[in-house]
Amino acid sequence: MDAHLEHCRIQNWYPRLSVYSLPTNFVFLMDIEIQALQSGDTDSGIAKSVIDRLASAMSKFPFTRFVGTDLVAPTDTMRFEEKRGAVRSATSAWFFLTKSAKVRNAAANGMVSALCVRPFRRMDSAREFRLFVKDGKLRAMSQYWMTRHYPRLEKVREKYWTLAVDFIDRNFWVLPDPDLVLDVYFTSKDEILVTDLNPFGPPTDPLMLNTWDQDWQNSMGLKLIPHPTAISGDINVSF
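First things first, this report covers the structure right here in the doc. (Residues numbered from 1 in each chain as written. Predicted model: local features only at pLDDT ≥ 70, side-chain atom pairs only at ≥ 80, totals over all residues. Heavy atoms only, no water.)

1. Thoughts on the sheet that holds strand β6 (residues 180–186)
Part 1 of the reasoning: Strand order in the open sheet formed by five strands is β7-β6-β4-β5-β8, and the pairing between neighbours is mixed. A single partner strand is all that each edge strand has here, and the edge strands are β7 (192–199) and β8 (222–223).
Part 2 of the reasoning: Here strand β4 (residues 128–134) pairs with strand β5 (residues 137–143) via six bridges, running antiparallel. For Phe129, the partnering residue across the bridge sits in β5 and is Gln143.
Part 3 of the reasoning: Running over the sheet, helix α8 (residues 151–171) touches β4, β5, β6, β7 and β8 and is turned about 145° from β5. (Pairing = 2+ DSSP bridges. Helix = DSSP H or I, 4+ residues; strand = E, 2+ residues; numbered from the N terminus. Contact = heavy atoms within 4.5 Å. Axes fitted to C-alpha atoms, helices over the stretch in contact; angles between N-to-C directions.)

2. Some points on the pattern of salt bridges
Part 1 of the reasoning: By the definition in use, this model includes twelve salt bridges.
Part 2 of the reasoning: Across the salt bridge formed by Glu128 and Arg84, the nearest N and O atoms sit 3.4 Å from each other. Of this pair, Glu128 sits in strand β4 while Arg84 sits in the loop between α5 (78–83) and α6 (90–99), and the two are 44 residues apart along the sequence.
Part 3 of the reasoning: Taking relative accessible area as the criterion, Glu128 reaches 11% and is therefore assigned buried.
Part 4 of the reasoning: Between Lys159 and Asp190 there is a salt bridge whose closest N-O contact spans 2.9 Å. Here Lys159, found in helix α8, pairs with Asp190, found in the loop between β6 and β7; they are 31 residues apart in sequence, far enough to count as distant.
Part 5 of the reasoning: Residue Lys159 is classed as partly exposed on the basis of its relative accessible area, which comes to 39%.
Part 6 of the reasoning: One continuous salt-bridge network, built from bridges that share partners, spans Glu6, Arg9 and Asp70. (Salt bridge = Lys/Arg side-chain N within 4 Å of Asp/Glu carboxyl O. Buried < 20%, exposed > 50% of the residue type's maximum accessible area, 1.4 Å probe, protein only.)

3. Some words on unusual backbone geometry
Part 1 of the reasoning: Across the junction of Pro202 and Pro203, the peptide omega takes the value 10°, indicating a cis bond.
Part 2 of the reasoning: For Phe63, which is not glycine, the phi torsion reads 60° and is therefore positive.
Part 3 of the reasoning: Here Phe63 is to be found in the loop between α4 (45–58) and β2 (65–69).
Part 4 of the reasoning: Non-glycine residue Asn210 carries a positive phi angle of around 70°.
Part 5 of the reasoning: Residue placement: Asn210 occurs in the loop between β7 and β8.

Geometry only, nothing functional implied.
Have a look at this one:
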């Protein structure tokens, strides 16, 4: 596997950035268990063995948890759509992992080696961002959820950018790669939580940057979805 992708496995970057991330427990999988995940197996002795170990890892965190794999999460499931992926039991967590086409495809392509358990935290989508780091410097930052314009983000645009630049300047030396994309969350205290690392370049989505064809030697600041444009006056539409 590409070294840049290996750097993005949670178990590889978490020890470096754990102070800035949610606590995480790991359940490493044998090849036969990865095959069970790929095939959607929820009932065999192999699946039950994983579920038992997963239950132990989940028990370290109270209430609801979020369970993904070391490179992908089951964001394409109804559980994520309805409850942002929050689960209470290991049986439920394993079930939704096996129902995720993203997870099963990753398992089939050798991209899964462990399950990752975190305490579930309800995120305010307006506080989630993607940071683009090139040569150890923050070059650009994008609103993560491209679903709507958030007027309040305009008021904190410069503050968030300054906080992100300072965060990378202080921590670039501990990043596993000088060229990385970090997904982060700004807490209500303006602290930065690292939620995920991604390779710099395709297939990582450049979000508001639209394309990877950029001058990465220059700073591009924080990109936000602009305020919707209001159209006034006489409007003639022809088909």
